[in-house]
Amino acid sequence: MTQQYDLLVENIGQLLTMDHGDGPIKGEKMAEAPLLENAALAVKDGKIAWIGTSSEAGDKTAAKTVDAGGKLVTPGLVDPHTHLVFGGSREHEMALKQQGVPYLEILKRGGGILSTVKATREAAEEELAKKARFHLDRILSYGVTTMEAKSGYGLEKETELKQLRVVKRLNEEHDIDLVSTFLGAHAIPPEHKENPEAFLQEMLNLLPEIQKEELAEFVDIFSETGVFTVEQARSFLLKAKEMGFQVKIHADEIDPLGGTEMAVEVGAISGEHLVGASDAGIEMLGKSDTIAVLLPGTCFYLNKDSYAKAREMIGAGASVALSTDFNPGSSPTENLQLIMNLAALKMKMTPEEIWNAVTVNAAHAINRGESAGKLAVGRKADLVLWDVPNYHYVPYHYGVNHVNTVWKAGKAVYGKEREDEQVYTS
Ligand code: NIG
Ligand code: FE
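Residues numbered from 1 in each chain as written. Chains lettered and ligands numbered in written order. Predicted model: local features only at pLDDT ≥ 70, side-chain atom pairs only at ≥ 80, totals over all residues. Heavy atoms only, no water.

**Regarding the coordination of the iron ion (ligand 2)**
- Taken together, His81 (NE2), His83 (NE2), His250 (NE2) and Asp325 (OD) make up the protein donors of the iron ion (ligand 2), found 2.1 to 2.3 Å from the metal.
- If you list the donors of the iron ion (ligand 2) from N- to C-terminus, the spacing comes out as H-x1-H-x166-H-x74-D. Of the two residues, His81 sits in the loop between β6 (77–79) and α1 (94–98) while His250 sits in strand β10 (residues 246–251), which places them 169 residues apart along the sequence.
- Residue class for His250 comes out buried when judged on its relative accessible area of 2%. (Donors = N, O, S within 2.8 Å, 3.2 Å for Na, K, Ca; no water. Helix = DSSP H or I, 4+ residues; strand = E, 2+ residues; numbered from the N terminus. Buried < 20%, exposed > 50% of the residue type's maximum accessible area, 1.4 Å probe, protein only.)

**A look at the site of ligand 1**
- Tyr103, Tyr153, His186, Glu253 and Ser330 are the nearest of the 15 residues found near ligand 1.
- With respect to ligand 1, the side chain of Arg90 contributes an N or O atom lying 2.7 Å from an oxygen atom.
- Here ligand 1, which alone exposes 330 Å², has 100% of that area covered by the protein.
- Residue composition of the shell around ligand 1, grouped by class: 4 nonpolar, 8 polar and 3 charged. (Near = heavy atom within 4 Å. Polar contact = N/O pair within 3.5 Å; in protein donor to acceptor, adjacent residues only side chain to side chain. Areas by Shrake-Rupley, 256 points an atom, 1.4 Å probe, with all protein chains shown as cover. Nonpolar A, V, L, I, M, F, W, Y, C, P; charged D, E, K, R; others polar.)

**Re the side chain of Asn356**
- Here Asn356 shows up in helix α14 (residues 351–358).
- Taking the relative accessible area as the measure of exposure, Asn356 reaches 0% and is therefore buried.
- With near-sequence residues (within four places) excluded, Asn356 lies in contact with Met18, His20, Ile25, Lys29, Met30, Glu32, Asn361 and Ala362. (Contact = heavy atoms within 4.5 Å.)

**A closer look at the UniProt feature "binding site: Zn(2+)" (unreviewed entry) in the protein chain**
- Mapped onto this structure's residue numbering, the UniProt feature "binding site: Zn(2+)" (unreviewed entry) falls at His81, His83, His250 and Asp325. Over a stretch of 245 residues, the named residues converge on one spot in the fold, their C-alpha atoms separated by at most 12.1 Å.
- Beyond its immediate sequence surroundings of up to four residues, His81 is in contact with Glu148, Lys150, His250, Glu272, His273, Val293, Leu295, Ser323, Thr324, Asp325 and Phe326.
- Among the polar contacts made by the side chain of His81, one reaches the side chain of Glu272 at a distance of 2.5 Å.
- For His83, a relative accessible area of 2% gives the class buried.
- With sequence-adjacent residues up to four places away left out, His83 is seen in contact with Lys150, Tyr153, Leu183, His186, His250, Asp325, Phe326 and Asn327.
- Separated by 3.3 Å, the side chains of His83 and His81 make a polar contact. (UniProt positions renumbered as here; feature names shortened; annotations may be inferred.)

**Here's the deal with the pattern of salt bridges**
- Enumeration over the complete set of coordinates arrives at 29 salt bridges.
- Among the ionic pairs, Glu191 bridges to Arg121, the shortest N-O distance being 2.9 Å. Here Arg121 lies in helix α3 (residues 113–122) and Glu191 lies in the loop between β8 (177–185) and α6 (196–204), a separation of 70 residues in the sequence.
- Each of Glu148, Lys150, Asp220, Lys248 and Glu272 takes part in one network of salt bridges that share partners. (Salt bridge = Lys/Arg side-chain N within 4 Å of Asp/Glu carboxyl O.)

**So, α3**
- By the burial criterion, the buried members of α3 are Ile113, Leu114, Thr116, Val117 and Thr120. Along the axis of α3, the buried positions cluster into a sector of 155°, meaning they face one direction only. Those residues of α3 that are exposed and angled more than 90 degrees off the buried face are Lys118 and Glu122.
- Turning to α3, the residues buried within the fold contact α2 (103–108), α4 (125–141) and α5 (157–173). (Arc of directions from axis to C-beta.)

**Details of the domain arrangement of the protein chain**
- Domain assignment breaks the protein chain into domain 1 (5–75 + 374–424) and domain 2 (78–366).
- In this assembly, 41 residues from domain 1 lie in contact with 34 residues from domain 2.
- Together domain 1 and domain 2 conceal approximately 2,900 Å² of surface at their shared face, both sides included; 63% is due to carbon and sulfur atoms.
- Our count for the domain 1 to domain 2 interface comes out at 3 salt bridges.
- Between domain 1 and domain 2 we count 20 residue pairs in polar contact (both at pLDDT 80 or more) in total. (Domains from an automatic or database assignment. Buried area = accessible area lost by both parts, 1.4 Å probe.)

**Looking at the sheet that holds β8**
- Taken together, 8 strands build an open sheet; the order of strands is β6-β7-β8-β9-β10-β11-β12-β13 and the sheet is parallel. The open sheet has two edge strands, β6 and β13 (320–322), and neither has a second partner. Within the sheet, the average angular offset between the axes of one strand and its neighbour, ignoring direction, is 25°.
- Note that strand β7 (residues 144–150) and β8 share 5 bridges and pair parallel. Paired with Ala149 across the bridge in β8 is Ser180. (Pairing = 2+ DSSP bridges. Axes fitted to C-alpha atoms, helices over the stretch in contact; angles between N-to-C directions.)

**Quick notes on the side chain of His20**
- Positionally, His20 belongs in the loop between β1 (5–16) and β2 (35–44).
- In this structure, His20 is in contact with Ile25, Lys29, Glu32, Pro34, Asn356 and Val360, ignoring residues within four places of it in sequence.

**Brief notes about the nonpolar core**
- Grouped together as the largest cluster of nonpolar side chains are 106 residues, with contacts concentrated most on Leu84, Ile210, Leu294, Met313, Leu322, Met349 and Trp355.
- Summarising the domain contributions, this core has at least three residues from each of domain 1 (5–75 + 374–424) and domain 2 (78–366). (Core = buried A, V, L, I, M, F, W, Y, C linked by side-chain atoms within 4.5 Å.)

Right, here's the structure in full:
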């Protein structure tokens with residue numbers, strides 16, 4: 001007998017569709033998390049073909065039926081800011097951190113980002129790909145089906161392109177959809193210490209090749225004390241825009257330098273970190289289309305007392321997204337669920353705001369609003385079944401993985417419903 005659908009997920013306690021209109025969700029609208037109770041969902045050819053109530057599901061047929069057990073189903077999560085591809089690791093910096101040596105001081109001494117640059121330059125492309133694949137498998141296991149990945153551990157042509165090629169290849173090979181950002185301006189390399197302007201020009205000179213090989217959609221820069229000034233970042237991003245890239249910025253992460261205002265002024269798709277955003281910057285953000293990508297895991301891991309002012313940003317009307325900032329220095333974690341816990345505890349975001357921030361708004365922050373972050377008929381069936389009774393539960397119960405099963409385009413790629421043997425690449 002021919003089945004109507006490939007997959008039917010029935011008996012869903014809460015189906016968080018996050019389907020509320022076009023565009024990123026701003027300000028007080030972030031208090032809404034659209035959901036259906038006692039729901040069911042069917043998939044055909046990788047797409048959502050039907051959404052309805054559990055009782056309506058009775059007369060549907062499918063090649064595979066999954067009983068969700070009254071639990072939660074959501075869109076696959078979106079992680080909009082990661083430094084996925086790198087060589088080595090930085091556990092040796094823990095002792096320095098414990099002695100109170102600040103992050104920027106470690107960088108100034110030639111460690112931090114520059115230590116990862118050395119390891120990444122030395123690593124073969126194959127080795128970087130294998131390592132990134134291992135992290136991707138783990139990211140997927142936490143429920144992420146779409147994410148961004150930045151370069152920035154090369155700071156010279158060959159290694160930057162090597163990182164970007166790894167991302168392009170993994171996007172084709174791996175179940176997670178990857179969106180690539182060129183972050184060649186991530187630090188000043190030792191060989192250019194005396195002349196950051198010449199270095200920035202060298203990075204801009206790579207853009208035509210990056211464009212030609214379709215290696216990145218976005219250009220990003222780290223504007224920070226001892227790295228690039230806000231003015232250097234502004235001029236760099238404007239040039240990248242002229243060449244047809246959308247821009248993002250690591251702004252006001254550690255010191256409040258006015259990067260938030262600049263992000264809005266240059267029309268960045270996202271301003272990222274924004275811990276030191278000024279009141280004026282927050283107000284501008286609230287009136288703009290620039291999405292605030294907040295990374296509380298970094299504040300936690302850098303042992304900071306203050307976190308980005310999410311409440312004020314939402315109050316001002318801004319659209320907020322959340323991300324791990326997965327990287328070997330300031331945020332070594334693949335766990336976006338932990339970031340949801342930190343957003344609740346440290347930034348006082350509500351469960352509804354948090355779910356908007358890791359689905360629809362995160363998708364818009366990487367230009368994937370049309371394909372990721374919400375569940376609706378006709379959209380790709382990127383779904384997560386959670387072993388939790390409701391959506392409030394995930395930001396509450398911390399430090400563990402709540403995922404039961406992840407489906408990518410209707411195929412179970414992680415968890416209990418996956419049919420083939422789980423394969424890890426490590
Ligand atoms: O977002 N601040 C710049 N970049 C990363 C950290 C990278 C690293 O420490 O390796 C961040 O915090
Ligand atoms: Fe970052």
